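Remarks on the overall topology
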Amino acid sequence: MLGGPLPILPPMAADGPVPGKGMARILVVEDDASTRRALEKLMELEAHEPIGAEDGLAALRAVEEREPHLVHLDLMMPHMGGVEFLSRIRSAPRFRDLPVIVISALSQGPVLDEARRHGIVANLVKGNWTFDGEYMHLNCDYGLLIDNLMDLTQETYTHQGSIGQHELMEAP
């Protein structure tokens, strides 16, 4: 399980995916269903393809089957937490450099320190929000969280996309 080269990313324009050429597949790993749906909806609104997973075990299957370009990862989950998931994907050459943005209630501590040792792109601290199936209800602090998440997602995907295009051009 988990081996081989990283997938080549879809072509990118300066401001996002090239229309008709694909979009980023973003794995959203979150055990709280309403939070997961809210994050998936945000990714859809930004023209990305979200892939939901309720824990680290489901996320491992999704990484193998769907080959996401980016992961949004909660750390504290049942069955397999975020750090164990990170450890497993980082041990596989194919996914060693898969970018991961942690979205967790943790702002410090040994679990977050361990996640950082596994090479996360960033940690965004979440709190109390709800999603009613159509609208996300946030307090004003979450506006900043969402802005930061979307900026990091686009920045990370754009950077990874340019690397993928460069590798594609150099291929024999």
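Details of the structure are given in the entry above.
Digging into the overall build of the protein chain
When you go through the protein chain residue by residue, the secondary structure sums to five helices and nine strands. Its helices and strands taken in sequence order, the protein chain reads β-β-β-α-β-α-β-α-β-α-β-β-β-α from the N to the C terminus. Out of the 172 residues belonging to the protein chain, those deemed buried represent 47%. Across the protein chain, the fraction of contacts at a sequence separation of at least 24, relative to all contacts at a separation of at least 6, is 64%. Only carbon and sulfur atoms are counted for the fraction: they give 52% of the accessible area of the protein chain, which is about 8,700 Å².

Comments concerning the pattern of salt bridges
Counting across every chain of the model gives six salt bridges. Linking Arg-66 and Glu-49 is a salt bridge whose minimum nitrogen-to-oxygen distance equals 2.2 Å. Of this pair, Arg-66 sits in helix α2 (residues 56-66) while Glu-49 sits in strand β4 (residues 49-53), placing them 17 residues apart in sequence. Given the relative accessible area of 35%, Arg-66 is considered partly exposed. By relative accessible area, Glu-49 is classed as partly exposed at 26%. Taking the shortest distance from any N to any O, the salt bridge between Asp-113 and Arg-116 comes out at 3.6 Å.

Some thoughts on the pairing of strand β3 (residues 25-29)
Counting buried positions along β3 gives five out of five residues, so the element sits mostly inside the fold. In β3, alternate side chains face the same way, and those of Arg-25, Leu-27 and Val-29 on one face and Ile-26 and Val-28 on the other are all buried. The sheet contact formed by β3 and β4 spans five bridges and is parallel. Looking at the pairing, Val-28 lines up with Gly-52 of β4. Of the crossover connections in this fold, the one passing from β3 over helix α1 (residues 33-45) to the parallel β4 is right-handed. As paired elements, β3 and strand β5 (residues 70-73) share four bridges and run parallel to each other. Each bridged residue has a counterpart across the sheet, and for Leu-27 the counterpart in β5 is Val-71.

Focus on the sheet that holds strand β6 (residues 100-104)
Judged by pairing direction, the sheet is parallel, and its five strands sit side by side in the order β4-β3-β5-β6-β7 without closing on themselves. This sheet does not close on itself; its edge strands, each paired only once, are β4 and β7 (122-125). Neighbour to neighbour, the strand axes of the sheet diverge by 20° on average, direction disregarded.

Calculation notes
- Residues numbered from 1 in each chain as written.
- Predicted model: local features only at pLDDT ≥ 70, side-chain atom pairs only at ≥ 80, totals over all residues.
- Heavy atoms only, no water.
- Helix = DSSP H or I, 4+ residues; strand = E, 2+ residues; numbered from the N terminus.
- Buried < 20%, exposed > 50% of the residue type's maximum accessible area, 1.4 Å probe, protein only.
- Contact = heavy atoms within 4.5 Å.
- Areas by Shrake-Rupley, 256 points an atom, 1.4 Å probe, with all protein chains shown as cover.
- Salt bridge = Lys/Arg side-chain N within 4 Å of Asp/Glu carboxyl O.
- Pairing = 2+ DSSP bridges.
- Right-handed = clockwise from strand over helix to strand, strands pointing away.
- Axes fitted to C-alpha atoms, helices over the stretch in contact; angles between N-to-C directions.

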